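Here is how the chains run, residue by residue.
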Amino acid sequence: MEATQGRSVNRLLVTGSTGMLGSALVAELAKDPASPQVLPYGRDRLDLRYPDGVRQVILRERPDVVVNCAGWTAVDDAEAHEVDALAVNGNGVRALALACEDLGARLFHISTDYVFDGTAGGPYAEYHPVAPVNAYGRTKLAGERAVLEVLPERGYVVRTAWLYGASGRNFVQTMIALERTRDTVEVVDDQFGQPTWTGDLAAQLVRLTRADSPPGVYHATSSGQATWYDLAREVFMLLGADPGRVRRTGSAAFLRPAARPAYSVLGHDRWAAAGMSPMRHWREALHAAWPSMVGGHA
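Let me sum up the structure you'll find in this document. Small disclaimer: the values here were computed from a predicted structure and weren't measured.

Right, let's talk about the overall build of the protein chain for a bit. A count of helical and extended segments in the protein chain gives nine helices and 12 strands. Relative to the compact-globule value of 19 Å for 298 residues, the protein chain shows a C-alpha radius of gyration of 19 Å, a close match. With the principal axes as the frame, the protein chain shows a C-alpha extent of 55 × 40 × 35 Å. Counting across all 298 residues of the protein chain, residues that qualify as buried make up 52%. Of the roughly 13,000 Å² that the protein chain leaves accessible, carbon and sulfur atoms contribute 50%. The averaged location of the 33 negative side-chain charges in the protein chain is 3 Å from the averaged location of its 30 positive side-chain charges.

Once that is clear, we can look at the sheet that holds strand E5 (residues 155-160). In space, the six strands of this open sheet follow the order E2-E1-E3-E4-E5-E10, with parallel pairing throughout. Strand pairing shows two members of the sheet lacking a second neighbour, strand E2 (37-41) and strand E10 (216-219), which therefore form its edges. Going across the sheet, the axis of each strand differs from the next one's by a mean of 20°, ignoring polarity. By the bridge criterion, four bridges tie strand E1 (residues 11-15) to strand E3 (residues 65-68) in an arrangement that is parallel.

Our focus in this paragraph is the packing of helix H4 (residues 82-103) against helix H5 (residues 135-150). Taken N-terminus to C-terminus, the directions of H4 and H5 make an angle of 10°; their axes are 8 Å apart at the nearest point. Classed by the angle they form, the pair H4 and H5 counts as roughly parallel. As H4 runs across H5, the sense of the crossing is right-handed. Judged by residue contacts, Glu82, Ala85, Leu86, Asn89, Gly90, Val93, Arg94, Ala97, Leu98 and Glu101 of H4 engage Ala135, Tyr136, Arg138, Thr139, Lys140, Ala142, Gly143, Ala146, Val147, Glu149 and Val150 from H5. Here the contact of H4 with H5 is built from residues that sort into 11 nonpolar, four polar and six charged.

Conventions we followed
Residues numbered from 1 in each chain as written. Predicted model: local features only at pLDDT ≥ 70, side-chain atom pairs only at ≥ 80, totals over all residues. Heavy atoms only, no water. Helix = DSSP H or I, 4+ residues; strand = E, 2+ residues; numbered from the N terminus. Rg over C-alpha atoms; globule rule 2.2 N^0.38 Å. Buried < 20%, exposed > 50% of the residue type's maximum accessible area, 1.4 Å probe, protein only. Areas by Shrake-Rupley, 256 points an atom, 1.4 Å probe, with all protein chains shown as cover. Lys, Arg positive; Asp, Glu negative; His and termini not counted. Charge placed at Lys NZ, Arg CZ, Asp CG, Glu CD. Pairing = 2+ DSSP bridges. Axes fitted to C-alpha atoms, helices over the stretch in contact; angles between N-to-C directions. Parallel < 35°, antiparallel > 145°, perpendicular 65-115°, else oblique. Left-handed = near helix turned anticlockwise from the far one by under 90°. Contact = heavy atoms within 4.5 Å. Nonpolar A, V, L, I, M, F, W, Y, C, P; charged D, E, K, R; others polar.

Distances and angles like these do not, on their own, reveal function.
Encoded structure:
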């Protein structure tokens, strides 16, 4: 299933354009000569901590679509600096939404599985009640609410999880490095989620901006589910290493400041409303991403 109706996009502004997802989105847009004019803004040019600056950029550039890939993503640091994280993930996003409201622009805001508590018995639907268990999740939820309250007709919340890509620090890159430096690695096998490649997410975001899609919440993660242990074994296998070198352990072995949801598998039913298919299985995506993931480790 793919969208049969579309919307024209003339000017698309990407915040956080130098980050792991933002850079993948800019690269995806560059593949298509029919893409809109892309306005990439990294944190050095648009910092969500400064609402007046955010407003000035949006009103000056006059995009018809904004994709917000910026945010405070240091989950553990947010426990001790929740006010600072909220300034970016909550108040900054509200400033972005208000500027889009004045301009009549649509806003696509990237959020997280961490708005859920991790106790569900099956994949979380887009409408499932939220209950974050850490400061990061609370600040991201504040951003979600700002988008949906300020832009009920033009606001899109796109939740994702377990992101990896060729740039930036992420679990897959860490496992590639550890395979070369350790005989064995211990990886938790009691947290369930959906490893998601930034390349697939970027392509899905581009399709969503062009689809005649209703506003609201969408879950943009790979299909299927895995534990971190499952993902690590797949990485070792793709490296030609013995997956048996990955040893399973529990979350209690890696105590961290912020609690993690034990189960954060997301359901994808809402894509049907946009006339789109959910993203492919996480293992298929990892195999497709692999050449770009190992390029920097040759």
